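Each chain, written out:
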Amino acid sequence: MTGIRNIVILTGAGVSAESGIDTFRDGGGLWEQHRVEDVTTPEAFVRDPDLVQRFYDMRRAAIQTREPNAAHHALARLDAEWPKEDGRGLLIVTQNVDDLHERAGANRVLHMHGEHLKAWCTACDRRSPWRGPLLDRPPCPACGAAALRPDVVWFGEMPYRMDEIHEALREADLFVSIGTSGAVYPAAGFVRTARDLGARTLELNLEPSQGSRWFHEARHGPATELVPAWVKEVLAAR
Ligand code: NAD
């Protein structure tokens, strides 16, 4: 572990699974008879906006009843204790739209797929903090238009903050992927980018992901066990 200064950690739905938030694949890809892909695309929103709003209203309400688990807490501890150098040193890039990393106390978190607790106004383009439902078309707090949608990145849309992520991957000495299936691009390609640019790569996942073979090392088991043990190791070796 010596010689490591810059760490990029990619998290996915698996890191929140033990907090009681279903991963997409856990439910067999189905939500109330609908394929997940049918409620997570811009086309689905055009076709049946009420269905999509109801799906996100339900998930937004659910995450507010869940608590961070030992994996979120361990990553928050690493974030607090790992040195910051010119704003660099460590970055948690999450595909998750829940707020459990932040509630555990992590600060250096970038939500590449957006956040459940924000609404995006398609009329004025502002993002507003949002905790309640959107189904009844409430007015945008900024412009008053009834044009709010969940501020989440749907399949086929461009993930957020890719330039910052690529810059961090370029400088990474260590890339760690936690609780992600390796099925959703572009996040699934980060391991190869980081590795090609010289980073050591580690997977922590319940089972081998689709991209397992790209990692120098893979450890398999529940995030609440693997992540605290790994964080302890990294901090001890520093
Ligand atoms: P995914 O559902 O495709 O895969 C989850 C991965 O986590 C699987 O490989 C599974 O083996 C692993 N896993 C399950 N339980 C685990 C545990 N206890 N410990 C460690 N690993 C565990 O999720 P993804 O790769 O993140 O991609 C799906 C997309 O769906 C992402 O865009 C994500 O943002 C979104 N999503 C987010 C949430 C959330 O915010 N919590 C929940 C579901 C889906």
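As a starting point, this report considers the structure included with it.

Definitions and limits used
- Residues numbered from 1 in each chain as written.
- Predicted model: local features only at pLDDT ≥ 70, side-chain atom pairs only at ≥ 80, totals over all residues.
- Heavy atoms only, no water.
- Helix = DSSP H or I, 4+ residues; strand = E, 2+ residues; numbered from the N terminus.
- Buried < 20%, exposed > 50% of the residue type's maximum accessible area, 1.4 Å probe, protein only.
- Contact = heavy atoms within 4.5 Å.
- Areas by Shrake-Rupley, 256 points an atom, 1.4 Å probe, with all protein chains shown as cover.
- Lys, Arg positive; Asp, Glu negative; His and termini not counted.
- Charge placed at Lys NZ, Arg CZ, Asp CG, Glu CD.
- Near = heavy atom within 4 Å.
- Polar contact = N/O pair within 3.5 Å; in protein donor to acceptor, adjacent residues only side chain to side chain.
- Nonpolar A, V, L, I, M, F, W, Y, C, P; charged D, E, K, R; others polar.
- Salt bridge = Lys/Arg side-chain N within 4 Å of Asp/Glu carboxyl O.
- Disulfide = S-S within 2.5 Å.
- Pairing = 2+ DSSP bridges.
- Axes fitted to C-alpha atoms, helices over the stretch in contact; angles between N-to-C directions.

## Some details on the overall build of the protein chain
- When helices and strands are counted, the protein chain shows 8 helices and 11 strands.
- With respect to the three principal axes, the spread of C-alpha positions in the protein chain is 55 × 40 × 30 Å.
- Going through the 238 residues of the protein chain one by one, you find that 49% of them count as buried.
- Considering only residue pairs separated by 6 or more positions, the protein chain has 65% of its internal contacts joining residues 24 or more positions apart.
- Accessible area of the protein chain: about 11400 Å², with a carbon and sulfur share of 50%.
- In the protein chain, 28 side chains carry a positive charge and 34 a negative one; their mean positions are 2 Å apart.

## With respect to unusual backbone geometry
- Pro186 follows Tyr185 through a cis peptide bond whose omega is 5°.
- One non-glycine residue, Asp125, lies in the positive phi region at around 75°.
- With respect to the helices and strands, the residue Asp125 is situated in the loop between β6 (114-121) and β7 (127-129).
- Take Asp125: its relative accessible area is 48%, and that puts it in the partly exposed class.
- Positive phi outside glycine occurs at Arg137, with the angle close to 60°.

## Brief notes about the site of the ligand
- The environment of the ligand is formed by 27 residues, the closest being Gln95, Asp98, His113, Thr180 and Ser181.
- Measuring from an oxygen atom of the ligand, one finds a side-chain N or O atom of Ser181 at 2.7 Å.
- Contact distances for the ligand include 2.9 Å between an oxygen atom and a side-chain N or O atom of Glu207.
- With 3 residues, the top contributor of residues to the shell around the ligand is helix α1 (residues 14-17).
- Taken together, the residues of the shell around the ligand break down into 9 nonpolar, 12 polar and 6 charged.

## Considering the side chain of Asp98
- Assignment of secondary structure puts Asp98 in the loop between β4 (90-94) and α5 (100-104).
- Despite being buried, Asp98 has no salt bridge partner; Arg103 is the closest side chain of opposite charge, sitting 7.0 Å away.
- Within the structure, the side chain of Asp98 is placed 2.7 Å from the side chain of Ser16, a separation counted as a polar contact.

## Some points on the state of the cysteines
- According to the stated counting rule, one finds 0 disulfides in the structure shown.
- Cys121 supplies the cysteine sulfur nearest to Cys124, a cysteine that is in no disulfide, at a spacing of 3.8 Å.
- The cysteine Cys140 is free of any disulfide, with Cys121 supplying the nearest cysteine sulfur at 3.8 Å.

## Things to note about the sheet that holds strand β8 (residues 148-152)
- One open sheet accounts for 3 strands, arranged β7-β6-β8; its pairing is antiparallel. Of all strands in the sheet, those bounded by a partner on one side alone are β7 and β8. Here the strands of the sheet are splayed against their neighbours by 45° on average, with no regard to which way each runs.
- One ladder, built from 5 bridges, connects β6 with β8; its direction is antiparallel.

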